[in-house]
Amino acid sequence: MSKAVVCTFLAATAFTLFIVCFQSNKTIHRHHGPRGLGRRLGYKVPHPLFDPLVVKIERFVEEKGLNDWKTPTHWENLAVPKELDQEGVADFLSDEGTLNITLRLTYLFPSLDKNPEDGFVESRELEAWIMQQANDRLTFRAGKELASRDQDGDGAISFREYFPHFTDEDIGFLLLSIFSRADQREQLQVSQKRVYDSNNASTERNGMGHGEAGWWKEQFRNADVDQNGLLNFTEFKDFLYPEDSSNEEIHKWLLREKIKPIDYDHDDKLNLEEFRNGAYDIYKNYVEFESGGANVHSPEEMFETLDVEKDKLLGVEDLKPILQYLSPGELSYAKYYASYLLHEAGADDDKDGKLTLHEMINHEYIFYSTVYDDTDFEDDDDEDLDHEEL
């Protein structure tokens with residue numbers, strides 16, 4: 001047997017062992033990871049994965065149906081996939097099939113220590129790294145979802161493709177697809193108006209409650225920047241993850257949704273009492289975490305700061321400065337998670353606000369908590385946390 005064949009066989013064996021250990025370690029090592037941040041902030045999202053190699057391995061495990069490590073029906077024929085082989089995964093696996101975390105952290109450290117390259121990972125460097133991993137996760141999930149829904153293969157999603165269970169009567173408009181995109185532009189615009197600008201009759205027919213046809217229609221319209229009745233990849237990603245979008249119309253929609261349940265007089269604005277008893281507590285929770293409990297404005301002080309027009313009411317425009325607190329997304333959570341790792345999880349031994357490679361290695365399981373701890377959240381790359389109704 002040639003040396004190349006032996007090396008390939010050993011790599012495949014080590015990888016198979018790793019997959020078994022990878023799945024079982026999630027149960028065995030539950031005590032290692034940071035605990036309770038999501039519950040503390042009142043926000044249920046999975047912890048961002050620190051290591052992109054682990055992300056790829058998790059996706060491989062899922063795609064191959066190997067999530068249940070106790071019944072490994074395919075282990076005997078499992079080989080290192082090409083994309084992981086290109087990452088040199090075998091170089092980071094021990095003969096026992098475990099991931100050499102110390103080696104991985106040593107390998108990744110220069111990628112974090114970039115601005116400046118001074119032998120330390122500062123808060124903003126750690127934040128940038130974890131937020132990039134979170135954004136990559138959103139991009140992957142959005143791409144996978146688009147591919148599964150794009151029935152005509154045009155790289156975009158129509159309302160009908162994403163919501164096939166809504167009837168024409170539910171939606172209250174003629175399907176955009178019956179018009180030619182090239183030579184029936186005028187008809188398409190008329191149809192779009194019917195789609196997006198609900199008149200009184202349409203509103204009666206299209207429920208505007210959460211999860212109903214009219215509600216989804218409004219969200220679809222907000223994401224459709226060019227208003228062509230289709231969502232391209234960027235628009236579709238914003239539609240799936242509105243809290244992580246930079247789309248101004250989506251921001252306004254999010255704030256309107258936040259106002260509704262606490263707007264007791266139904267004037268689409270918040271008075272001081274409504275703000276104090278609803279939005280303020282959400283804002284305060286996040287600001288206390290950011291500041292360590294120091295210098296948190298009272299409800300009255302915050303209301304006065306936001307009330308630019310001094311009319312004793314807060315509308316959508318007034319609430320924009322605190323949108324990231326009222327409707328945080330996965331990117332916001334990634335930012336808080338980075339802060340949590342640095343300041344509260346114990347990795348910064350000398351409390352200087354930055355990490356050395358030695359400190360990271362000394363607390364290596366903190367950074368790989370999602371490999372060794374799955375008790376805080378249940379997650380699936382296929383699962384859209386914001387669209388559970390579907």
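The coordinates are above.
These lines cover the structure that appears in this document, whether it is placed above or below.

Here is what the cut-offs are and how they apply
- Residues numbered from 1 in each chain as written.
- Predicted model: local features only at pLDDT ≥ 70, side-chain atom pairs only at ≥ 80, totals over all residues.
- Heavy atoms only, no water.
- Helix = DSSP H or I, 4+ residues; strand = E, 2+ residues; numbered from the N terminus.
- Buried < 20%, exposed > 50% of the residue type's maximum accessible area, 1.4 Å probe, protein only.
- Contact = heavy atoms within 4.5 Å.
- Areas by Shrake-Rupley, 256 points an atom, 1.4 Å probe, with all protein chains shown as cover.
- Axes fitted to C-alpha atoms, helices over the stretch in contact; angles between N-to-C directions.
- Parallel < 35°, antiparallel > 145°, perpendicular 65-115°, else oblique.
- Nonpolar A, V, L, I, M, F, W, Y, C, P; charged D, E, K, R; others polar.
- Salt bridge = Lys/Arg side-chain N within 4 Å of Asp/Glu carboxyl O.
- Core = buried A, V, L, I, M, F, W, Y, C linked by side-chain atoms within 4.5 Å.

### As for the overall build of the chain
The helix and strand tally for the chain stands at 21 helices and four strands. A buried classification covers 46% of the 390 residues belonging to the chain. Put simply, of all contacts in the chain between residues at least 6 apart along the chain, 70% involve residues at least 24 apart. Of the roughly 19800 Å² that the chain leaves accessible, carbon and sulfur atoms contribute 50%.

### A short note on the packing of helix 14 (residues 272-291) against helix 15 (residues 299-306)
Put simply, helix 14 and helix 15 touch, their axes get as near as 10 Å, and they point 100 degrees apart. Considering the angle they form, helix 14 stands roughly perpendicular to helix 15. Packed against helix 14, whose contacting residues are Leu-272, Phe-275, Arg-276, Tyr-280 and Tyr-283, the element helix 15 presents Pro-299, Glu-300, Met-302, Phe-303 and Leu-306 at the interface. For the contact of helix 14 with helix 15, the residue count by class is eight nonpolar, no polar and two charged.

### Let's talk about the pattern of salt bridges
By the definition in use, this model includes 11 salt bridges. Two residues, Arg-149 and Glu-145, come together in a salt bridge whose shortest N-O distance is 3.0 Å. Of the two residues, Arg-149 and Glu-145 both sit in helix 6 (residues 123-149), four residues apart, roughly one turn of that helix. For Glu-145, a relative accessible area of 14% translates into the label buried. For Lys-252, the salt bridge goes to Glu-249, with nearest N and O atoms at 3.7 Å. Here Lys-252 pairs with Glu-249, and both are found in helix 13 (residues 248-259), just three residues apart, close to one helical turn.

### Focus on the side chain of Ser-245
When you line up the elements, Ser-245 lands in the loop between helix 12 (233-240) and helix 13. With near-sequence residues (within four places) excluded, Ser-245 lies in contact with Asp-238, Ile-250 and His-251.

### Here's the deal with the nonpolar core
Formed by 76 residues in total, the largest nonpolar core has its most connected members in Phe-50, Leu-126, Phe-239, Phe-275 and Leu-319. It is helix 18 (residues 330-343) that provides the largest number of residues to this core, a total of nine residues. Ignoring sequence-local partners within four residues, the contact set of Leu-319 consists of Leu-255, Ile-259, Leu-270, Phe-275, Leu-306, Leu-314 and Leu-326.

### Details of unusual backbone geometry
Look at the link from Asn-115 to Pro-116: it is a cis peptide, with omega at 0 degrees. Even without being a glycine, Gln-227 presents a positive backbone phi close to 50 degrees. Inspection of the secondary structure puts Gln-227 in the loop between helix 11 (213-223) and strand 3 (230-231). Relative accessible area serves as the criterion here: at 30%, Gln-227 is assigned to the partly exposed category. We note that Lys-310 has phi near 55 degrees; this positive angle belongs to a residue other than glycine. Within the secondary structure, Lys-310 is located in the loop between helix 15 and helix 16 (316-319).

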